[in-house]
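What the coordinates show
Spelled out, the chains give:
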Amino acid sequence: MSNILVIAEKPSVSAALAKVLGAYKREDGYLVGSGYIVSWCLGHLAEFAPPDVYDSRYKKWSYEDLPIIPQDWKLVVDKDKKKQFDILVSLMNPTYGVGAESPRESTVSSEKDFLFPLDYIVNACDAGREGELIFRRIYELSGCTLPVKRLWISSMEDAAIREGFLNLSDGLDYENLYSAGDCRSKADWLIGMNATRAYSVKYNHKLTVGRVQTPTLALLTRRQEQIRAFKKESFYKVKIEGDGLTAFSENISDKESADMLADLCDGQTAEIRKVERKRKSVSPPKLYDLTTLQREANRLFGYSAKVTLQELQKLYEAKMVTYPRTDSQYVTQDMAGTVMELLAKIPEKISILKNTMDVADAGSIVDNAKVTDHHALLPTKSSFEEDLSQFSEIQRNLYAMICVRLASAVAAPSVYDETTAEVICAGHEFSARGKAEVKAGFQRIEMAFADMVKEKGNGGKETKNERPFPDWIRDGMVLEKVSVKSEQHFTSPPKAFTEDTLLSAMESAGKKLFVADTEKKGLGTPATRADIIEKIIACGYAVRSKRQIIPTDAGMQLIEVLPEYLKSADLTADWENELLGVERGETEAVRFMQDIKNLTYMILHSCDRISEEERKRFDTREKIGDCPVCGKPVYEGKQNFYCSDRACRFALWKENRYLSGMKKTLDKNMATDLLAKGRTHVKDLYSVKKDSTFEADLLMKVEDGRASFSLSFPKRKKKK
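Keep in mind the model is a prediction, meaning the values are calculated, not measured.

Examining the overall build of the protein chain
- A count of helices and strands for the protein chain gives 21 helices and 25 strands.
- A globule of 720 residues ought to have a C-alpha radius of gyration of about 27 Å, yet the protein chain, at 35 Å, is considerably larger.
- Seen along its three principal axes, the alpha-carbon backbone of the protein chain occupies a region of about 115 × 90 × 50 Å.
- Counting across all 720 residues of the protein chain, residues that qualify as buried make up 50%.
- Long-range contacts, defined here as pairs at least 24 residues apart, represent 71% of the contacts in the protein chain between residues at least 6 apart.
- Of the charged side chains in the protein chain, 108 are positive and 107 negative, and the gap between their average positions amounts to 8 Å.

Considerations on the sheet that holds strand 19 (residues 623-626)
- One open sheet accounts for four strands, arranged 19-20-21-22; its pairing is antiparallel. Sheet topology places strand 19 and strand 22 (651-653) at the edges, where each strand pairs with a single neighbour. The sheet shows a mean angle of 20 degrees between the axes of neighbouring strands, direction not considered.
- Docked against the sheet, helix 21 (residues 668-677) engages strand 19, strand 20 (633-636), strand 21 (640-643) and strand 22, running at close to 20 degrees with respect to strand 19.

Some points on the pairing of strand 1 (residues 4-8)
- Among the five residues in strand 1, five count as buried, and that is most of the element.
- Where burial is concerned, the two faces of strand 1 agree: the one with I4, V6 and A8 and the one with L5 and I7 are both buried.
- Both strand 1 and strand 7 (residues 120-124) contribute to a ladder of five bridges, which runs parallel. Across the sheet, V6 pairs through a bridge with V122, a residue of strand 7.
- Note that strand 1 and strand 4 (residues 36-40) share five bridges and pair parallel.

The rules behind the values
- Every chain is numbered independently, its residues counted from 1 as its sequence is written.
- At least 70 in pLDDT is required for a residue's local features to be given in this predicted model, at least 80 for side-chain atom pairs to be given and counted, and no such filter applies to totals for whole chains, interfaces and linings, which use all residues.
- The side-chain numbers reported here are obtained from all heavy atoms of the structure, hydrogens and water having been left aside.
- Put simply, DSSP H or I for four residues or longer makes a helix, DSSP E for two residues or longer makes a strand, and each gets a number counted from the N terminus.
- The globule rule used for comparison is 2.2 Å times the number of residues to the exponent 0.38, while the radius of gyration itself is calculated over C-alpha atoms.
- Burial status follows relative accessibility: with a 1.4 Å probe on protein chains alone, a residue under 20% of its type maximum counts as buried, one over 50% as exposed, and anything between as partly exposed.
- Between two residues, a contact is recorded if the distance between any of their heavy atoms is within 4.5 Å.
- For the charge count, each Lys or Arg is scored as positive and each Asp or Glu as negative, with His and the chain ends excluded.
- Here the site of a charge means atom NZ of a Lys, CZ of an Arg, CG of an Asp or CD of a Glu.
- In this analysis, strands are considered paired if DSSP registers two or more bridges between them.
- Axis definition: a line fit to C-alpha positions, over the contact stretch in the case of helices; interaxial angles, taken between N-to-C directions, run 0 to 180 degrees.

Structure, rendered in structure tokens:
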């Protein structure tokens, strides 16, 4: 019988795996039984070390120390996760005991339940780039040399877990995936660490810069600039109506011309010409990937991308839906039978589907070439056995969305007739347009779900009221005595981003919107975009206003000072494509990292060209005086009055040993006098010896960049 260690990403996933594997006995940090030990990583146990771990001088931000480019990258373990890390280290080294501080210090366990020696380790972390990175970092830090096999599943159903363990892959098959994750992490560290320090030091103001965060913020600020620059303009249309037909003129710029046309046509006859009817259809939507689900959940319910991902992960771990962090909207050919089984069951869970669902073509969602690591989001078979009332409202809504989207995706297209006509009245041309539904198709399902959402008090889908077109209209017909009206309209400003539209902009950045059959690029990945948005908000560069995301003045200013290549969505989108190339073995990791290092040097060259005057842009500090050592401005801090030149040691401390004995702290007025005249008069000094207050002049002397003090007692004028 084999002895196998299984390591998952989260305790909840480990519990689900252990149940299927028969590892029922719970120990501290793992479960054991039936030849398996099942443990977990608690997410990212290890991260790249901060700069000061490489050299203590990096604790102080200095432009002269940049760029910081580690030669040998170091990992550090989060102190709050150290205990679980130590447990994993012991488990991954079969000659050592469980719970020891390190392999060198541990001893062989004598407990019978510990199944040493192990045959191999199963990497059961989430099936994606980040999951691979999480496991590999622990594997490397532990010094483990055991062979690794990979569990790769898209569902937490018992059947899927069993099948996954029967078809484990060689861990070496995922070297490129790990390499891509490693490159992504290093790139974010290099750009974020160096650019943030460089711009913060140059502007003497904390400015957070990120490889993906910055161009995403640029999307927000550019939209805001368009909104601010927008000037509302009015225009007019003349509307004529007769016998159930409505037609409009072209846009007219001024009211006088519109009124003249309306007066000219009012009560006149109108002739119908060029009637054209075309039958059109709208294809059903694709299945959900993570980003499209996040967008729809924000539009329908107002959920943030982060909340949607968090709740979706819980549904996945509860075996209700398939793997959430997918970027595919299709399933593979071998899943066609499973899809049909799901379609037969979902009306039992989603009542609106009982009378609206009509499967037309399940083959439309099957495309092996468009499924990479994971297929599209689907409900699981086991979800139909669960009571939905035990889940939160958010989870129930997300589950319903996934079920409804599956039903819509395989339904018939929506078919309608679109009719256009030219109408001539008083020698002027008007146009009429209308639609008539032929077959509702998938829209029957979509509209039923929209109504259900509205009943719950949420927004639902916005539906356009299409103007019906009379089917009796023919060429040459005449409308007698039409009624006419001049209507004023206004141009509309660009709309502020919602999380829905921002996710769409991030997904399509660097390419034309929704070009068919092209590889998606975009800013970030489906799994990281939510965190990017949250970080921008946490940094104070944007705020949520109802469902909109609005850049702050701080965010606007940051984008204003950064060079275009750091804000470019095209460049970062290309990098994401390169990472995909690394993942597929088409791009060398060394080449990608060299591009990132080159960018790091470009950033510093840009900072070198920032003028002294420009560096004061964020400086809202009040100058107290000039430094007596170097002549640079002195500003007030929380604890002192400091020289603005970081290389200068001069400072006047508010709490200092000399004045504390006289129960006095240095205030701004005193510091201003000292810097201007070298002395200041103080009235409320305290004498311990006399237990009373007195007044004197405080004198400042500066030697070797440091200030020292003494008192002078001005002679009082004698009274006559």
